[in-house]
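# Topology and contacts: notes
Okay, here's what each chain looks like letter by letter:
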Amino acid sequence: MRQNLQRFLLPIVVSIATLPVTANLNASVFDSEQSKQSTQFLVSLPEIIYPLPLGRYHFSYHTTDDSVLQPLNAIVQLKGLNFPPPQTQGEATIPLKRLEGSQVFTVELTLGNQSGEFLLDTGASTTMLSTPMVERLGLEGGKKVANEQLTSAVAGDDCPEMSATVHQLPTVTIDRVRVEELRGLEFTNTLIPGELSGVLGMDFLRHFDLNLNPKTQQLKLLTPSQLNSAETQQAIPLKSRLGVMLAEIEINGQGPFTFMLDTGADTIFISPSLSLTLQLDQASRQDIQVIGFCGLEMAERSTLKQVKMGDTEQTNLEAVILSSPSVLDLLEVDGILGQNFLNHYEQYWRFNLTEDSNIFDGSLILLPIYQNSQHLTFD
């Protein structure tokens, strides 16, 4: 039988917190209260299944007739850090590029006098830089994170200790958009796919209205605005947790379930408990190997007959059932909604910031990309 090597993205999630996080997988996003005494972030770094030119480690990938390697997540918790919000100005319409072999997008940024491609990632609360980009920028004097501030939960036991550094970035520009005082994280012993310079996270994105069109491969960064009455009827409410956006999802006519919305994830990921609730057909599942940050674990691949968010719905979408859902436990969610759902729609994201910029909510309007006659006046 012909061997089959699949490529998927799943975030490596990093939590930066002043207080420990207690997981409750059954908690509803709309009932959860964020502690005013803690500041928490997620950083999402994708792994993909082909040799990576960047990173301190190189994995060998193989398949058998009945197993497929796929990436899994890691959690790193950093305590005692608190980033001030960046200063943003301007608007821009910018081209997007698909990351090779995936459904996710990258965007070109200019930092000071250097340019690079960054993953567009709503599943990351904080922007990340690759070590080569840090070296190109000549960044020195970053804040080292002490070992006692850093703990991790990863798949496998093959990684040495990981370390992190916080850098204040030079002015970031994209066309007519200018962002100052943005912080970025650099992690050693991490893999960034392809030649990417980093990950563009929600600490940047949430200060704009976003219009993302997968069909035209364009992203508009616009001045924040309020929903009008017509948009309010279409909008899906979003809540933030640890700096990323959550929404309620129905699957196979059941729910609602709480999912993180992640433009940096290629597919849908669900927890073992949700798979039991959904009573997914055992006979149709495929056992797969997932390559975690520090080793191999087993998972399963299945098909969701129906995935619905608000009034939008897709059928027969692939999903990966995680055996070690550390990211999901940290976020208190049932799953991650990735690009195999989101890329069917032109997306209009809005974010409502409070005086505490780490606590915010938002809304999302989804328009099927084949309905060319229907457009919102978003700008």
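Above: the structure in question.
My aim in this report is to walk through the structure given alongside it, one point at a time. All values derive from a computational prediction rather than experimental measurement.

### Side note on the side chain of Ser 240
Within the element layout of this structure, Ser 240 appears in strand 20 (residues 236-241). A distance of 2.5 Å separates a polar side-chain atom of Ser 240 from the backbone oxygen of Phe 360.

### Some thoughts on the pairing of strand 21 (residues 244-251)
Taken across its 8 residues, strand 21 has 6 buried, putting it largely inside the fold. Here strand 20 hands over to strand 21 after 2 residues, with Leu 242 in that stretch at a positive phi of 55 degrees. Bridge count for strand 21 against strand 22 (residues 254-261) is 5 bridges, and the pairing is antiparallel. Within strand 22, the residue paired with Glu 248 across the bridge is Thr 258. Where strand 21 folds back onto strand 22 in an antiparallel hairpin, the turn is made up of 2 residues, including Asn 252, whose phi is positive at roughly 50 degrees.

### Some remarks on the pairing of strand 22
Where strand 22 lies against strand 27 (residues 335-337), 3 bridges are found, and the strand directions are parallel. Across the sheet, the residue bridging to Met 260 is Ile 336, located in strand 27.

### Side note on the packing of aromatic side chains
By the definition in use, this model includes 4 aromatic pairs. Taken together, Trp 349, Phe 351 and Phe 360 form an aromatic cluster joined through their ring pairs.

### Re the pattern of salt bridges
In the structure shown here, the tally under the stated rule is 8 salt bridges. For Arg 350, the salt bridge is made with Asp 209, and the minimal N-O distance between the two is 3.6 Å. You can see Arg 350 sitting in strand 28 (residues 345-353) and its partner Asp 209 sitting in strand 18 (residues 209-213), a full 141 residues away along the chain. Taking the shortest distance from any N to any O, the salt bridge between Glu 318 and Arg 301 comes out at 3.2 Å. Residue Glu 318 is located in strand 26 (residues 312-321), and its partner Arg 301 is located in strand 25 (residues 295-309); the two are separated by 17 residues in the primary sequence. Here Glu 318 falls in the partly exposed class, since its relative accessible area comes to 27%.

Thresholds, definitions, all that
Per chain, residue numbering runs from 1 following the sequence as it is written. Predicted model: local features are reported for residues with pLDDT of at least 70 only, side-chain atom pairs are reported and counted for 80 or more only, and whole-chain, interface and lining totals are derived from all residues. Computation of side-chain values: all heavy atoms of the structure, hydrogens and water removed. Put simply, DSSP marks the helices as runs of H or I at least four residues long and the strands as runs of E at least two long, and each gets a number from the N terminus on. Whenever two N or O atoms come within 3.5 Å, that pair is a polar contact, provided that in protein one can donate a hydrogen and the other can accept it, and provided that, for residues adjacent in sequence, both atoms are side-chain atoms. Buried, partly exposed and exposed residues are distinguished by accessible area as a fraction of the type maximum, computed with a 1.4 Å probe on protein chains only: under 20%, between the cut-offs, and over 50%, respectively. Only strands joined by at least two bridges in the DSSP assignment are considered to pair. Each pair of aromatic rings taken from Phe, Tyr and Trp, with Trp reduced to its six-membered ring, is defined by centres within 6.5 Å and is described as stacked if the planes are under 30 degrees apart, edge-to-face if over 60, and tilted in the remaining cases. By definition, a salt bridge exists where a carboxyl oxygen of Asp or Glu is found within 4 Å of a side-chain nitrogen of Lys or Arg.

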